[in-house]
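# Report on the structure
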Amino acid sequence: MTIYLVDIEQVIHTCPAFADPHPFDTRRTLVDVIPGGPCRAPVTVRCGGKAVQIPCHRHEPAKRQCGACRVIVTERTITTRHLTEVAG
Ligand SMILES: [Zn+2]
Ligand SMILES: [Zn+2]
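A brief structural summary. (Residues numbered from 1 in each chain as written. Chains lettered and ligands numbered in written order. Predicted model: local features only at pLDDT ≥ 70, side-chain atom pairs only at ≥ 80, totals over all residues.)

This brings us to the environment of valine 33. One can find valine 33 in strand E2 (residues 18-34). In contact with valine 33, not counting residues within four places along its chain, are Thr2 and Tyr4. (Helix = DSSP H or I, 4+ residues; strand = E, 2+ residues; numbered from the N terminus. Contact = placed C-beta atoms within 7 Å.)

This part covers the pairing of strand E4 (residues 50-54). Where burial is concerned, little of E4 is hidden: 0 out of the 5 residues are buried. In terms of strand pairing, strand E3 (residues 43-47) meets E4 through 5 bridges, oriented antiparallel. Residue pairing in the sheet places valine 43 in a bridge with isoleucine 54 of E4. (Buried ≥ 20, exposed ≤ 12 C-beta atoms within 10 Å, placed from the backbone. Pairing = 2+ DSSP bridges.)

In this section: the sheet that holds strand E5 (residues 71-82). The 3 strands lie next to each other as E2-E1-E5, forming an open sheet whose pairing is mixed. Of all the strands in the sheet, just E2 and E5 have a single pairing partner and so form its edges. Averaged over all pairs of adjacent strands, the angle between their axes in this sheet comes to 25°, without regard to strand direction. Direction of pairing for strand E1 (residues 2-15) relative to E5: parallel, over a ladder of 11 bridges. Opposite valine 6, over in E5, you have glutamate 75 as the bridge partner. (Axes fitted to C-alpha atoms, helices over the stretch in contact; angles between N-to-C directions.)

Looking now at the environment of glutamate 60. Here glutamate 60 is to be found in the loop between E4 and E5. In this structure the C-alpha to C-alpha distance between glutamate 60 and valine 11, which are 49 residues apart in sequence, comes to 36 Å. Aside from chain neighbours lying at most four places away, what touches glutamate 60 is Val43 and Gln65.

Now for the environment of proline 23. By the secondary structure assignment, proline 23 is in strand E2. Counting along the chain gives 47 residues from proline 23 to arginine 70, while the straight-line C-alpha distance between them is 30 Å. With near-sequence residues (within four places) excluded, proline 23 lies in contact with Gln10, Val11 and Ile12.

Turning to the pairing of E1, a few remarks are in order. Taken together, the 12 bridges between E1 and E2 define a ladder with antiparallel strand orientation. Of the residues in E2, the one forming a bridge with isoleucine 8 is arginine 28. Here E1 folds back onto E2, and the loop between the two strands holds 2 residues.

As structure tokens, this is what we get:
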């Protein structure tokens, strides 16, 4: 399967509505893609009179894709950042 490695940066703050620190912004950065290899269940389609094989992920919904094409997202690091420095 194809693995998407992402870094998460969570920004937390306090505001008048919620005095407790809470996340208000989350950013995801794609840091790496580990390919799952060639498709194990290519789909044959007809294109201009000839048969062409395409990887199943370009044709099937995620649920029906083969193991090589399926994508999983792994969170590598989760960084929590306070918007303002805590005084005192
Ligand atoms: Zn808030
Ligand atoms: Zn496939």
